[in-house]
Amino acid sequence: MSVPHRIAVLALDGVVALDLGTPAQVFGTARDEHQTPLYAVATCTPGGRPVRSTAGFQVLPDHGLELLETADTVIVPGIHAGPPLHDGTVAAEVADALRAAHARGARVMSICTGAFVLAAAGLLAGRPATTHWAYASRFRALHPAVRLDPDVLFVDDGPVLTSAGVAAGVDLCLHVIRTDHGSAVANRAARRCVVPPWRDGGQAQYIERPVPKAAATGTAATREWARQRLHEPVALREMAAHARMSVRTFTRHFRSETGLSPAQWLLQQRTEHARVLLESTDLSVDRIARDAGFGTTAALRQHFHARLGVPPTAYRRTFRAPHPPEPAPAPFADLGVVAPQRPGMSALSTTTTP
């Protein structure tokens, strides 16, 4: 029997309360087909001391920085105060703990302005990353060596991942679950959390964009109509006609609501549908190309590789290959478990979200 993947959430003074709770909520809902928890989440602070949150309460953790020594994933939530935001520095003990976790192969993530902490620890130099768009100018001034992209929801750069503000942390956590265990598990977790199952990391942050004045002017119904027809050619004029708008008006409303052009959005939906079919069915790649609306295997291969960095066949092998056997348990701090190799998991605490 596998043990849950151990996630350590590192809370610093001025921690954003929503960001702090996001990993436990989202990862805590991820279960396998037997309803066994796949992740265990615990919170730590420097010295195990209380820290202030942005919501008017203090956080009293169960662990100190030693939790990072054996965690499989380390997550730094956003902060709204402290040296990482003011002068781009972080306490030496925190920087050392983060660098040590990264050096031994732990996955390191940040939510919102938690990216300032990772950058201050030297983990983002030369890497692509994102943070809340409102802090982009400050981030660039403090960390010019980081390849900051403030226009996306999250950035997955292998062992280091960063997300934009607030709800983008949910998107990043679901993306990690999908990477570890596939779309079916991630979609079930999203359903438990009552959030959209997937927003691509390249989708634009919602930055100073007007909200439609009335539901009648929106494009949501047309997006759902198009989703039901991914296997068919869907032209821009057809979408505009369904929404009872001119092409120009429809395109303007569509971009204001999604951050994407209709063509970009359709390509995103087709790619995601192909990804789910590759993970969950034995259909041929040629059939999947047709069912997802790409028409030909060559077109599917081109767009799939451009978006995900691998061809469809390699992606399928990654998610359908048999898992390696679990290693024998060994002590994990005072909890007595050990992390198997990804995507098997291990436990920081016995507390999980129902």
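Reading the values: rules and limits
Residues numbered from 1 in each chain as written. Predicted model: local features only at pLDDT ≥ 70, side-chain atom pairs only at ≥ 80, totals over all residues. Heavy atoms only, no water. Helix = DSSP H or I, 4+ residues; strand = E, 2+ residues; numbered from the N terminus. Buried < 20%, exposed > 50% of the residue type's maximum accessible area, 1.4 Å probe, protein only. Contact = heavy atoms within 4.5 Å. Areas by Shrake-Rupley, 256 points an atom, 1.4 Å probe, with all protein chains shown as cover. Core = buried A, V, L, I, M, F, W, Y, C linked by side-chain atoms within 4.5 Å. Phe/Tyr/Trp six-rings, centres within 6.5 Å; stacked < 30°, edge-to-face > 60°. Polar contact = N/O pair within 3.5 Å; in protein donor to acceptor, adjacent residues only side chain to side chain. Arc of directions from axis to C-beta. Salt bridge = Lys/Arg side-chain N within 4 Å of Asp/Glu carboxyl O. Lys, Arg positive; Asp, Glu negative; His and termini not counted. Pairing = 2+ DSSP bridges. Axes fitted to C-alpha atoms, helices over the stretch in contact; angles between N-to-C directions.

(A) Fine view of the overall build of the protein. When helices and strands are counted, the protein shows 14 helices and 10 strands. Relative to its 354 residues, the protein shows a buried fraction of 52%. Residue pairs in contact within the protein that sit at least 24 positions apart in sequence constitute 65% of those at least 6 positions apart. Accessible area of the protein: about 16400 Å², with a carbon and sulfur share of 55%.

(B) Expanded view of the nonpolar core. In this structure, L10, L98 and L124 are the most contacted members of the largest nonpolar core, which totals 36 residues. Here L98 is in contact with L10, L68, V74, V76, V117, L118, A121 and L123, once residues within four sequence places are set aside. In terms of nonpolar packing, the next biggest core, distinct from the first, is built from 33 residues, V26, V51, C112 and L161 among them.

(C) The arrangement of the packing of aromatic side chains in detail. Inspection of every chain in the model, using the stated rule, returns 6 aromatic pairs. Measuring from centroid to centroid gives 5.0 Å for F116 and F139, while their planes differ by 85°, and the two rings are edge-to-face. Taken together, the positions of F116 in helix 4 (residues 114-120) and F139 in helix 5 (residues 136-142) put the pair 23 residues apart, joining distant regions of the chain. F139 matches F116 in its accessibility class, with the two residues each being buried. A centroid spacing of 5.3 Å and a plane angle of 75° characterise the contact between F304 and Y315, whose relative ring orientation is edge-to-face. Here Y315 lies in helix 14 (residues 312-320) and F304 lies in helix 13 (residues 297-308), a separation of 11 residues in the sequence. An identical accessibility class is assigned to F304 and Y315; each is buried. Taken together, the ring pairs connect F116, Y135 and F139 into an aromatic cluster.

(D) Structural detail: the side chain of D72. Inspection of the secondary structure assignment puts D72 in the loop between strand 4 (58-59) and strand 5 (73-76). At 2.7 Å, the side chain of D72 and the backbone nitrogen of R6 are in polar contact.

(E) Local environment of helix 7 (residues 183-193). Residues of helix 7 that are buried include every one of S183, V185, A186, A189, A190 and C193, and no others. Around the axis of helix 7, the buried residues are gathered within 165° of arc, so they sit on the same side.

(F) A look at the pattern of salt bridges. Here the structure, examined in full by the defined rule, presents 11 salt bridges. Note that R49 and E93 form a salt bridge whose closest N and O atoms lie 3.6 Å from each other. Pair noted here: R49 is in the loop between strand 2 (39-44) and strand 3 (51-52) and E93 is in helix 3 (residues 92-103), with a separation of 44 residues, a long-range link. Relative accessible area serves as the criterion here: at 40%, E93 is assigned to the partly exposed category.

(G) Molecular detail of the side chain of R270. You can see R270 is positioned in helix 11 (residues 262-280). Lacking a salt bridge, the buried R270 has E238 as its closest oppositely charged neighbour, with an N-O distance of 8.2 Å. In terms of polar contacts, R270 uses its side chain to reach the backbone carbonyl oxygen of L230, at 2.2 Å. Beyond its immediate stretch of four places on either side in the chain, R270 contacts L230, H231, E232, V234, A292, G293 and F294.

(H) Local environment of the sheet that holds strand 2. Strand order in the open sheet made by the 6 strands is 2-1-5-6-10-9, with mixed pairing throughout. Edge positions in the sheet fall to strand 2 and strand 9 (154-157), since each has one partner strand and no second. With strand direction ignored, the average angle separating the axes of adjacent strands in the sheet is 15°. Across 6 bridges, strand 1 (residues 5-10) lies against strand 2 in parallel orientation. Within the sheet, the bridge partner assigned to L10 lies in strand 2 and is C44. Relative to the sheet, helix 1 (residues 17-28) contacts strand 1, strand 2, strand 5 and strand 6 (107-110), its axis offset from that of strand 2 by approximately 165°. Sheet contacts for helix 6 (residues 168-181): strand 2, strand 6, strand 9 and strand 10 (160-163); angle to strand 10, the most-contacted strand, approximately 145°.

This is a description of form; function is not addressed.
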